[in-house]
2 protein chains.
Amino acid sequence: MVTTPARLELVALPDFPLVAQGDDLAHLILEGVARAGLELRDGDVVVLAQKIVSKAEGRLVDLAGVEPSPEARALAAQVLKDPRLVELVLRESRRVVRARPHVLIVEHRLGLIMANAGIDQSNVDAGGREVALLLPQDPDASAHGLHARLRETCGAAVGVVINDSFGRPWRRGTTGIAIGAAGLPALVDRRGEPDLFGRPLQVTMIGFADEIAASASLLMGPADEGRPVVVVRGLQWNAPMGPAADLIRPEAEDLFR
Amino acid sequence: MVTTPARLELVALPDFPLVAQGDDLAHLILEGVARAGLELRDGDVVVLAQKIVSKAEGRLVDLAGVEPSPEARALAAQVLKDPRLVELVLRESRRVVRARPHVLIVEHRLGLIMANAGIDQSNVDAGGREVALLLPQDPDASAHGLHARLRETCGAAVGVVINDSFGRPWRRGTTGIAIGAAGLPALVDRRGEPDLFGRPLQVTMIGFADEIAASASLLMGPADEGRPVVVVRGLQWNAPMGPAADLIRPEAEDLFR
């Protein structure tokens, strides 16, 4: 179960530098935490915007070097997008979910249903080059690596969440969701816990890391490189650790489709 | 635009009493705020669990008085649910979206796509009666009334969000979303704002009240009558006010369907 806290504090790390390939994010986080006048403690959760993780991992692609396949060219003509971008989208995807003019929704190879396979062309310092930023190769592994590196560097056992802004069926506006997580239960299973009156709970699975991701989005702002790291203090959990992959619903059990 | 804050604080009001029909929620909130050692300030956002709003508004229905229609009986046999509950679901809905054994997803008359029209049979103190709790008649109006009443009573202009736990397509686990909002922009439209490098933003609509609702859910816990009111301090916004109804995506513009 998750022991619900009475108070939570969220702090965006000030003056976070622009991130480039090879940067040591754990080091940058600890510097930012010090600038904020904090020290990381056991149980803190560090939420990182996907973009800085992707950049640190060298997921920036120069479009000039991308050769679109015939399939990508045909799809690009249908959705009215750059064929090189569409080529990257297809390489990152398992299947196309929706394709119409200006709309390309796919199932990302990670299982996420998303526009353009999460490939971002905004907020990227191109230095004149046309570039696209892919999602991290394995965001749960990225989160796990950061969790381990932070523990090694500062001694604290902190949760790590990598978030991204997602559009949603049926709802307008994006919200932050977790694409990577480590050191906490991304999905909390409450089946069997009683409610206030001793009856079994109706709602049994909680998207814990998604709620953390959304709360951190409130501080990251639109150009989320401006404040790409948020520390959440005060959360409590007492459930088995699990990655963000647990939040992806297998198609066979999707009641909404 | 929303000016993103550097810090946020969330406080669950302690020892909130069980709510009954006719209770003055604004009064109970101000008592709870005092117990927490706080005073409400301009810009604070008060998040209330849907259940207490519904109870205060007398939305508890005694199932013994519900006569299922033939349509409800037929559907109940299909989904293996209580025909009286299904009758209430149908009364609260525009259409059935999915019906299979143990699953009944509808479009609520408010436009929300949800299981069982949001009707809750857990956490309801029935005093021996079989009861069901419906959503508030008009959650945006409920939020607006609370916003006005809090302003009148304590002088502060606070945002009000009524949240509920929702299942989602493609994602496992529920998250808090906003079914009612007042005194803040539920949906923030950032179209035209530049990113860090001066290019137009790709992500242009933010589900602001949904992110607030999710953050508050982290403190409400499973039996959300335990901590049904959370004060969020530190949010900033500079966009036109708008209700939670703005978060409902018209089917015609839903890119994911």
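Parameters at a glance
Residues numbered from 1 in each chain as written. Chains lettered and ligands numbered in written order. Predicted model: local features only at pLDDT ≥ 70, side-chain atom pairs only at ≥ 80, totals over all residues. Heavy atoms only, no water. Helix = DSSP H or I, 4+ residues; strand = E, 2+ residues; numbered from the N terminus. Contact = heavy atoms within 4.5 Å. Areas by Shrake-Rupley, 256 points an atom, 1.4 Å probe, with all protein chains shown as cover. Phe/Tyr/Trp six-rings, centres within 6.5 Å; stacked < 30°, edge-to-face > 60°. Buried < 20%, exposed > 50% of the residue type's maximum accessible area, 1.4 Å probe, protein only. Salt bridge = Lys/Arg side-chain N within 4 Å of Asp/Glu carboxyl O. Polar contact = N/O pair within 3.5 Å; in protein donor to acceptor, adjacent residues only side chain to side chain. Pairing = 2+ DSSP bridges. Axes fitted to C-alpha atoms, helices over the stretch in contact; angles between N-to-C directions.

Under the annotation held in an unreviewed UniProt entry, chain A carries the name F420-0--gamma-glutamyl ligase and is attributed to Ancylobacter dichloromethanicus.

Visitor: Go over the overall build of chain A with me, naming the residues and quoting the values.
Guide: For chain A, the count of helices and strands is six helices and twelve strands. Taking the contacts inside chain A whose residues are at least 6 apart along the sequence as the reference set, 62% of them involve residues at least 24 apart. For chain A, the exposed surface amounts to about 9,800 Å²; the carbon and sulfur share of it is 51%.

Visitor: Any details on the packing of aromatic side chains? Residues and values, ideally.
Guide: All names here are of chain A. Inspection of every chain in the model, using the stated rule, returns two aromatic pairs over all chains. Summarising the aromatic geometry, the rings of F208 and W237 are spaced 6.2 Å apart at their centres and angled 65° between planes, so their arrangement reads as edge-to-face. Linking F208 in helix 6 (residues 208–220) with W237 in the segment after strand 12 (229–233), this pair joins segments that are 29 residues apart in sequence. The residues F208 and W237 share a single accessibility class, namely buried.

Visitor: Which residues make up the pattern of salt bridges, and what are the values?
Guide: All names here are of chain A. The final tally for this structure, using the stated rule, is 30 salt bridges over all chains. Between D62 and R129 there is a salt bridge, and its shortest N-O distance comes to 3.5 Å. Of this pair, D62 sits in strand 3 (residues 60–62) while R129 sits in the loop between strand 6 (113–115) and strand 7 (131–133), and the two are 67 residues apart along the sequence. According to the relative accessible area criterion, D62 is partly exposed, its value standing at 28%.

Visitor: Lay out the side chain of B:N163 with the relevant residues and their values.
Guide: Residues and elements named next belong to chain B. Mapping N163 onto the fold places it in strand 8 (residues 159–168). Engagement of the side chain of N163 in a polar contact is seen with the backbone oxygen of A213, the distance being 3.1 Å. A polar side-chain atom of N163 sits 3.4 Å from a polar atom in the side chain of S217. Not counting the four nearest positions on each side in its chain, N163 is found in contact with V47, L48, A49, Q50, I177, A178, A213, A216, S217 and M220.

Visitor: Can you break down unusual backbone geometry residue by residue, with the values?
Guide: Residues and elements named next belong to chain B. The backbone of L80 shows a phi angle near 60°, a positive value even though the residue is not glycine. The phi angle at N116 is positive, at roughly 55°, despite the residue not being glycine. With respect to the helices and strands, N116 occurs in the loop between strand 6 (113–115) and strand 7 (131–133).

Visitor: Outline the sheet that holds strand 4 (residues 93–100) of chain A, supporting the account with residue identities and numerical values.
Guide: Residue and element names in this part refer to chain A. Strands sit in the order 4-5-6 across an open sheet of three strands; the sheet is antiparallel. Each having just a single partner strand, strand 4 and strand 6 make up the two edges of the open sheet. Going across the sheet, the axis of each strand differs from the next one's by a mean of 25°, ignoring polarity. Looking at chain direction, strand 5 (residues 103–108) and strand 6 are connected through three bridges and run antiparallel. Across the sheet, the residue bridging to I105 is A115, located in strand 6. Each of strand 4 and strand 5 touches helix 4 (residues 83–91); the most contacted strand, strand 4, lies at about 135° to it.

Visitor: Mind laying out helix 4 (residues 83–91) of chain B, listing which residues take part and the relevant values?
Guide: Given 3.6 residues per turn, any residue in an α-helix points the same way as the ones three and four places further on. All names here are of chain B. For helix 4, a buried count of seven out of nine residues is recorded, marking the element as mostly surrounded by other parts of the structure. Taken together, the buried positions of helix 4 are occupied by R84, L85, V86, E87, L88, V89 and L90. Residues of helix 4 that are buried in the fold lie against strand 3 (60–62), helix 3 (70–79), strand 4 (93–100), strand 5 (103–108) and strand 7. Capping the start of helix 4, D82 holds a side-chain oxygen 2.8 Å from the backbone nitrogen of R84, two or three residues further along.

Visitor: Describe the sheet that holds strand 5 of chain B, listing the residues and the values that go with them.
Guide: Strand pairing within a sheet occurs via backbone hydrogen bonds; the two strands may be parallel or antiparallel. Residue and element names in this part refer to chain B. Reading across from one edge, 4-5-6 is the order of the three strands in this open sheet, with antiparallel pairing throughout. Two strands lie at the open edges of the sheet, namely strand 4 and strand 6, each paired on one side alone. Within the sheet, the average angular offset between the axes of one strand and its neighbour, ignoring direction, is 25°. Here six bridges tie strand 4 to strand 5, and the two strands are oriented antiparallel to one another. When the bridges of strand 5 are listed, V96 appears paired with V106. Against the sheet, helix 3 engages strand 4 and strand 5, with an angle of about 30° to strand 4.

Visitor: Mind laying out the side chain of A:E211, listing which residues take part and the relevant values?
Guide: Among the secondary structure elements, A:E211 is positioned in helix 6. Residue class for A:E211 comes out buried when judged on its relative accessible area of 4%. Dropping the residues within four chain positions of it, A:E211 is found in contact with A:I206, B:T174, B:T175, B:G176, B:A214, B:S217 and B:L218.

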